[in-house]
Amino acid sequence: ACYMLVGVIGFHFCVEKWNLRDALYFSICTFTTVGYGDIYPKSDAGKLFNCFFAVMGIVIIGISLGYIGQHFVQVQLNALTKEEDEDSDVESVEKKKPSGLVGFFHAIFPTLITVVLGSVIIGSIEGWSWIDSLYWCIITTSTVGYGDISPTGPARWVAIFFIPIGVAVVSAA
């Protein structure tokens, strides 16, 4: 939240004088590394500020992903330890883990829901075809962000919330 506040203050009040929505939208796109290119700093001060802002965002994401990864590993270790305490038979622990196709669907289901919902919501607001909506959503959540299709107007408010959630869900999968 503090990082986003720095971006909004910097781009809205200081270097580019963008409206609040565009300053927040650009900050979210930069932080999540989506980087559409539909808006970008034009002044030298804005470019220098963005260099600092982008590097700090990458550092924050790296540290956060490290903590998240450690948390998931710890949860797995705790679950395995608990299972082994209840029943020391290692084979029974292996049988309780989802595997194969079931394990795949457990991992991919949140991504499918996120992509479908994001496509429908943003596509409806923008009036895009279902192909353009799906394309935008997948390119966004994968952080590729070509910039050929991006939300405008009110859809940017939705994108401000969807982009970080979508990137996180796809990254977790």
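First, a word on what this report is: a plain description of the structure on this page.

Conventions used here
Residues numbered from 1 in each chain as written. Predicted model: local features only at pLDDT ≥ 70, side-chain atom pairs only at ≥ 80, totals over all residues. Heavy atoms only, no water. Axes fitted to C-alpha atoms, helices over the stretch in contact; angles between N-to-C directions. Helix = DSSP H or I, 4+ residues; strand = E, 2+ residues; numbered from the N terminus. Parallel < 35°, antiparallel > 145°, perpendicular 65-115°, else oblique. Left-handed = near helix turned anticlockwise from the far one by under 90°. Contact = heavy atoms within 4.5 Å. Nonpolar A, V, L, I, M, F, W, Y, C, P; charged D, E, K, R; others polar. Salt bridge = Lys/Arg side-chain N within 4 Å of Asp/Glu carboxyl O. Buried < 20%, exposed > 50% of the residue type's maximum accessible area, 1.4 Å probe, protein only. Expected span 1.5 Å × (residues − 1). Disulfide = S-S within 2.5 Å. Core = buried A, V, L, I, M, F, W, Y, C linked by side-chain atoms within 4.5 Å.

### Describing the packing of helix H2 (residues 20-31) against helix H7 (residues 155-172)
In a packed pair of helices, the relevant descriptors are the angle between the two axes and the axis-to-axis distance. Remark: H2 packs on H7, axes separated minimally by 9 Å, with the N-to-C direction vectors making an angle of 20 degrees. Taken together, the axis directions place H2 and H7 in an arrangement best described as roughly parallel. The element H2 and its partner H7 pack so that their crossing is left-handed. Residues Arg21, Asp22, Leu24, Tyr25, Ile28 and Cys29 of H2 lie in contact with H7, whose contacting residues are Arg156, Trp157, Ala159, Ile160, Ile163 and Pro164. Grouping the constituent residues of the contact of H2 with H7 by class yields 9 nonpolar, no polar and 3 charged.

### Here's the deal with the pattern of salt bridges
Per the stated rule, a full pass over the model turns up 3 salt bridges. Taking the shortest distance from any N to any O, the salt bridge between Arg156 and Asp38 comes out at 3.0 Å. Highlighted residues: Arg156 in helix H7 and Asp38 in the loop between H2 and helix H3 (44-86), separated in sequence by 118 residues. The exposure class assigned to Asp38 is partly exposed, which follows from its relative accessible area of 26%. One continuous salt-bridge network, built from bridges that share partners, spans Arg21, Asp22, Asp38 and Arg156.

### Points about helix H6 (residues 130-141)
Compared with an ideal rise of 1.5 Å per residue, which puts 12 residues at 16 Å, H6 spans 16 Å between its outermost C-alpha atoms and is within 8% of the ideal. Listed in full, the buried residues belonging to H6 are Ser133, Trp136, Cys137, Ile139, Thr140 and Thr141. At its buried positions, H6 is contacted by helix H5 (100-126) and H7. Two residues or fewer after H6 comes Thr143, characterised by a positive phi angle close to 65 degrees.

### Comments concerning the state of the cysteines
Under the counting rule described, the total for this entry stands at 0 disulfides. Considering cysteine sulfurs only, Cys29 is the nearest to Cys137, which forms no disulfide, with 13 Å between them.

### Some points on the nonpolar core
Core analysis: the largest hydrophobic core is formed by 27 residues, its most contacted members being Phe11, Leu24, Tyr25, Ile28, Tyr36, Trp136 and Ile163. The set of elements that each furnish at least two residues to this core consists of helix H1 (2-14), H2, H3, H5, H6 and H7. A per-element tally of this core places H2 first, with 6 residues. Each residue touching Ile163, except ones within four places of it in the same chain, is listed here: Tyr25, Ile28, Cys29, Thr32, Val34, Tyr36 and Thr140.

### Let's talk about the environment of Val115
Within the secondary structure, Val115 is located in helix H5. For Val115 and Asn50, which are 65 residues apart along the polypeptide, the C-alpha to C-alpha distance reads 29 Å. Beyond its immediate chain neighbours, meaning those up to four positions away, Val115 contacts Leu134, Cys137, Ile138 and Thr141.

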